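Structural characterization, general
Spelled out, the chains give:
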Amino acid sequence: MKKTTLLLVFMFAVLCSATAKDTSNPTLRFNANGKFKIIQFTDIHFKYNSYRSDSVLMMMKAAVEAEKPDLVVLTGDVVCSENTKKAWLALTKIFVDAKVPWAVTLGNHDIEYELTGDEIMDIITERPYCVARNGPEDVSGSGNYILKVQGSKTKNAEALLYFIDSHSGLDEEKGLGSYDWIKFDQVQWYREQSKKLTGANGGKPYPALAFFHIPLPEYHEVWGQPTTVGVKEEKVCSPDINTGMYSAFLESGDVMGMFVGHDHVNNYIGTLYNIALVYGQATGRETYGDIGKGYRVIDLYEGERKFDTWIRIKYKANRDEDLWEPTHINEKQNFVNYPDSFIEN
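Below is a short write-up of the structure.

Parameters at a glance
- Residues numbered from 1 in each chain as written.
- Predicted model: local features only at pLDDT ≥ 70, side-chain atom pairs only at ≥ 80, totals over all residues.
- Heavy atoms only, no water.
- 1 Å grid on protein atoms, 1.4 Å probe; cavity = no way out; pocket = protein on both sides within 12 Å on 5 of 7 lines; lining within 4 Å.
- Points joined across faces, edges and corners; volume = space filled by probe spheres on them.
- Axes fitted to C-alpha atoms, helices over the stretch in contact; angles between N-to-C directions.
- Helix = DSSP H or I, 4+ residues; strand = E, 2+ residues; numbered from the N terminus.
- Parallel < 35°, antiparallel > 145°, perpendicular 65-115°, else oblique.
- Left-handed = near helix turned anticlockwise from the far one by under 90°.
- Contact = heavy atoms within 4.5 Å.
- Nonpolar A, V, L, I, M, F, W, Y, C, P; charged D, E, K, R; others polar.
- Buried < 20%, exposed > 50% of the residue type's maximum accessible area, 1.4 Å probe, protein only.
- Pairing = 2+ DSSP bridges.
- Right-handed = clockwise from strand over helix to strand, strands pointing away.
- Lys, Arg positive; Asp, Glu negative; His and termini not counted.
- Salt bridge = Lys/Arg side-chain N within 4 Å of Asp/Glu carboxyl O.
- Polar contact = N/O pair within 3.5 Å; in protein donor to acceptor, adjacent residues only side chain to side chain.
- Phe/Tyr/Trp six-rings, centres within 6.5 Å; stacked < 30°, edge-to-face > 60°.
- Lys NZ or Arg CZ within 6 Å of the ring centre and 35° of its normal.

Right, let's talk about empty space enclosed by the protein for a bit. Inspection of the entire model under this criterion finds 1 cavity of 30 Å³ or more. Of the voids in this model, the largest cavity is the one considered here, and its volume is about 50 Å³. Lining the largest cavity are W181, I182, L216, P217, P239, I241, N242, T243, G244 and M245.

Relative orientation and spacing of two packed helices are given, respectively, by the angle between their axes and the distance between those axes. At their nearest, the axes of helix α2 (residues 51–67) and helix α3 (residues 84–98) sit 10 Å apart, and the two run at 20 degrees to each other. In terms of orientation, α2 and α3 fall into the roughly parallel class. As for how α2 packs across α3, the hand of that crossing is right-handed. Facing α2, whose interface residues are L57, M60, K61 and V64, α3 presents A90, L91, I94, F95 and A98. A per-class count over the contact of α2 with α3 returns 8 nonpolar, no polar and 1 charged.

A word on unusual backbone geometry. In this structure, P339 follows Y338 across a cis peptide bond, with omega equal to 5 degrees. Of note, P339 is situated in the segment after β13 (333–338). With a phi close to 60 degrees, N49 is a non-glycine residue in the positive phi region. Here N49 lies in the loop between β1 (35–41) and α2. Phi angles above zero are rare outside glycine, and Y129 is one such case at about 70 degrees.

A separate point is the pairing of strand β2 (residues 71–75). Within β2, 5 of the 5 residues are buried, leaving the element largely enclosed by the surrounding structure. Covered by surrounding structure in β2 are L71, V73 and T75 together with V72 and L74, the residues of both alternating faces. Alignment of β1 against β2, held across 4 bridges, turns out to be parallel. Residue pairing in the sheet places I38 in a bridge with L71 of β2. Between β1 and its parallel partner β2, the chain crosses via α2, and the hand of that crossover is right-handed.

Right, let's get into the side chain of D308. Along the chain, D308 falls in strand β11 (residues 307–318). Salt bridges are absent for the buried D308, whose nearest opposite-charge side chain, K35, sits at 4.7 Å. There is a polar contact of 2.7 Å between the side chain of D308 and the side chain of N337.

In total, this model carries 15 aromatic pairs according to the counting rule given. A centroid spacing of 5.7 Å and a plane angle of 65 degrees characterise the contact between F41 and Y295, whose relative ring orientation is edge-to-face. Placement of F41 in strand β1 and of Y295 in strand β10 (residues 293–301) is noted, with a sequence separation of 254 residues between them. Accessibility classification places F41 together with Y295 in one group, the buried group. One aromatic cluster is present, built from ring pairs that chain together Y145, F163, F211, F259, F307 and Y338. Of note, K306 hangs over the ring of Y301, and the distance from its end group to the ring centre comes to 4.3 Å.

Looking now at the pattern of salt bridges. Side chains that differ in charge, positive against negative, can pair when their charged atoms come close. In the structure shown here, the tally under the stated rule is 12 salt bridges. In this structure, K37 and E67 form a salt bridge, with 3.3 Å as the shortest nitrogen-oxygen distance. Remark: E67 occurs in helix α2 and K37 occurs in strand β1; sequence separation between them is 30 residues. Residue K37 is classed as buried on the basis of its relative accessible area of 17%. By relative accessible area, which is 7% here, E67 ends up buried. Between R52 and D322 there is a salt bridge, with the nearest N and O atoms lying 3.1 Å from each other. Remark: D322 occurs in the loop between β11 and β12 (323–326) and R52 occurs in helix α2; sequence separation between them is 270 residues. Looking at R52, the relative accessible area reads 17%, which means it is buried. Its relative accessible area of 33% is what places D322 among the partly exposed residues.

This is a description of form; function is not addressed.
See the structure below:
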């Protein structure tokens, strides 16, 4: 009897350990159809104990249920609230309950309340199904990390996802513009990691995407091109200082597209020298603008330098007028395929 009890206790402990491992470090992989689907929520501006923010959580929960993503990515300005820790826990409960992997890159407003970037990352990386990491201590910022997407039939990486901290705002008296920039050591970290991973792949760059919050200065250049798709209703709020992140992507040859937020009434996608520069669709009801609120979807193709992407505008919204009205639009909006949609005739 005693041996049977000990065996049951041991089996229960092993089961709990396996479950904890699955939830704390879930595997990202292409599905049996060779696809990997990502939902990008951006600029949620979640406030704790706010009916406006709670209605956005309902939209996000419905999106996860409908899209069935392999990964959810939050590209900054996620929580803008006192009771910051409680707000992060309330928001991320959606993904924990859905048992879907999720990742985060911080925005300029996330660190303006009660927690530093490191403290936020420490909290969220302990949450189930979170695949974010704080990143190397000797690299500027909080949340510089890489995720590998395994093949549908192999444990080998078939695609890479880079996450980079684009930092915060700047004081006007510094005279260096409104926004901070991705630091040189972050650019160098990316270059080194990309070179190492490409080398390990026999010299062939992996198909890769990059996620961060504040757009690069190069976002100015793709608007107005014949193949650019989407809406631009405000200037590109990028840093005035250009530290070469775009040229690092270009020279390394792995990143197919970069995905940002920050500008709430821009949702366009265009290419510059065959790299897609992409805005998400602003998600939060607490954000300015009247182009609607929703999210972006990305479908990666296994074994190809190719992805589909589109937006979903689920609500007509106006913060000042307290408008929050369902659109009932089900079709994919602003659908594009990279690279085919951007090849000029």
